[in-house]
Amino acid sequence: MTILPTREVEKVWGRDTLPAPFTAPDGKRIGEVWFEPPEQLPELLVKYIFTSEKLSVQTHPDDDQAEAMGKGRQGKSECWYVIDAEPGATLGVGFADHIDADAMRAAALDGSIEKLLVWHPVKAGDFFYIPANTVHAIGAGVSLIEVQQNSDITYRIYDYGRPRELHLEEGMSVAKGEPIAPELYRHVPEAGSQRLVDGPFFVLDKVEGAPDAAISGDYPGALLVIPRDADVTVDGEVVHPGQCALASSIAAVDFAQHGHCLITRPLAA
Ligand SMILES: O=P(O)(O)OC[C@H]1O[C@](O)(CO)[C@@H](O)[C@@H]1O
């Protein structure tokens, strides 16, 4: 068992104070806590994201686009499991209506793109899958767990005038001017287990207690374990909420009887 090392990432939209068990070093605005992908599962990156302002309006390439641009073999499809949200917090995902490339470019340049996105009010338990090429922006006042392909290619196409680099041309070359499919988001009830992602790049389950045989059967090898509200043990070692551990097999994990946990593993693309 390996508890993955963490990396705190400063962001203009991050927070000075993080919810327990996380802490932001004095004077630093932390937006993301990354769990370093282990050698055994290099394809997946798990992050906690904590916002006090909106993230950029952005998009990511898919595998083929990333490779064609000489940026490695992995694109970036990602998903978000909301763990806390201030009243009125929203996530911007996809466009309200189809928009062509010229109109999208003009809207990115004059900032009106922000208003063309669909801003979904969110609460704890809401879940979104964001395929590569989707135009999106996480809103302010949200804490979420992001599970994503292990790629750091973000094309910012609008940043509300903040003095950060934009990547309009790259973004425009991969962005889809479309609404997202309704099956890509839903509320996940607190009780019980539910599959959140079933490919094509990874499997992700939210489980309560020990996973049943059907779920366990989909985890034939190494996996990542993200306890939410109770400790789990992996090979007899304790993993606390706020940590992420690599387990060599699901049989090595002792799940808390009534605890909630996320488990995930990559799929061969
Ligand atoms: O460009 P920004 O606003 O810092 O956002 C980048 C972040 O957005 C995300 O893609 C989430 O949408 C993160 O994975 C990434 O680190």
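For every chain, the first residue of the written sequence is number 1, and numbering continues from 1 onward in sequence order. Local features in this predicted model are restricted to residues of pLDDT 70 or higher, and side-chain atom pairs are both shown and tallied only at a pLDDT of 80 or more, whereas totals for entire chains, interfaces and linings draw on every residue. Working from all heavy atoms in the structure, the side-chain values ignore hydrogens and water.

An unreviewed UniProt entry annotates the protein as Mannose-6-phosphate isomerase originating from Croceicoccus mobilis.

### Regarding the site of the ligand
Consider each residue's heavy atoms; a residue with any of them within 4 Å of a molecule or strand counts as near. Glu32, Gln58, Glu146, Arg156 and Arg164 are the nearest of the 18 residues found near the ligand. Think of a polar contact as two N or O atoms within 3.5 Å of one another; within protein, one of them needs to be a possible hydrogen donor and the other a possible acceptor, and neighboring residues in sequence only count if both atoms come from side chains. Between an oxygen atom of the ligand and a side-chain N or O atom of glutamate 32, the distance comes to 2.6 Å. Separating an oxygen atom of the ligand from a side-chain N or O atom of glutamine 148 is a distance of 3.3 Å. Here the Shrake-Rupley method, with its probe set to 1.4 Å, supplies the accessible areas, and only the displayed protein chains count as covering residues. For the ligand, whose free accessible area comes to 400 Å², the fraction covered by protein is 98%. Among the detected pockets, the ligand sits in the largest pocket. Residue assignment for the shell around the ligand shows that the elements contributing at least two residues are β2 (6–15), β6 (78–85), β10 (136–138) and β11 (142–149). Only protein atoms enter the 1 Å grid, on which a cavity is a set of points fitting a 1.4 Å probe that cannot get out and a pocket is an open set with protein on both sides within 12 Å along at least 5 of 7 lines, lining residues being those with an atom within 4 Å of a point. Put plainly, a molecule is in a cavity or pocket when over half of its atoms are within 2 Å of the grid points there. Working definition: helices are DSSP H or I runs of at least four residues, strands are E runs of at least two. Numbering for both runs from the N terminus.

### Re the sheet that holds strand β4 (residues 44–50)
A strand pair is defined by DSSP finding two or more bridges across the two strands. Strand order in the open sheet formed by seven strands is β2-β3-β4-β11-β6-β9-β13, with antiparallel pairing between adjacent strands. Taken across any chain shown, the strands that pair with only one partner, and hence form the sheet edges, are β2 and β13 (185–187). Neighbour-to-neighbour, the strand axes of this sheet turn through a mean angle of 20°, independent of strand direction. Pairing between β6 and β11: seven bridges, direction antiparallel. Bridge pairing in β11 links tryptophan 80 to glutamate 146. Axis geometry follows a simple rule: fit a line to the C-alpha atoms, using only the stretch in contact for helices, then measure angles between N-to-C directions, giving values from 0 to 180 degrees.

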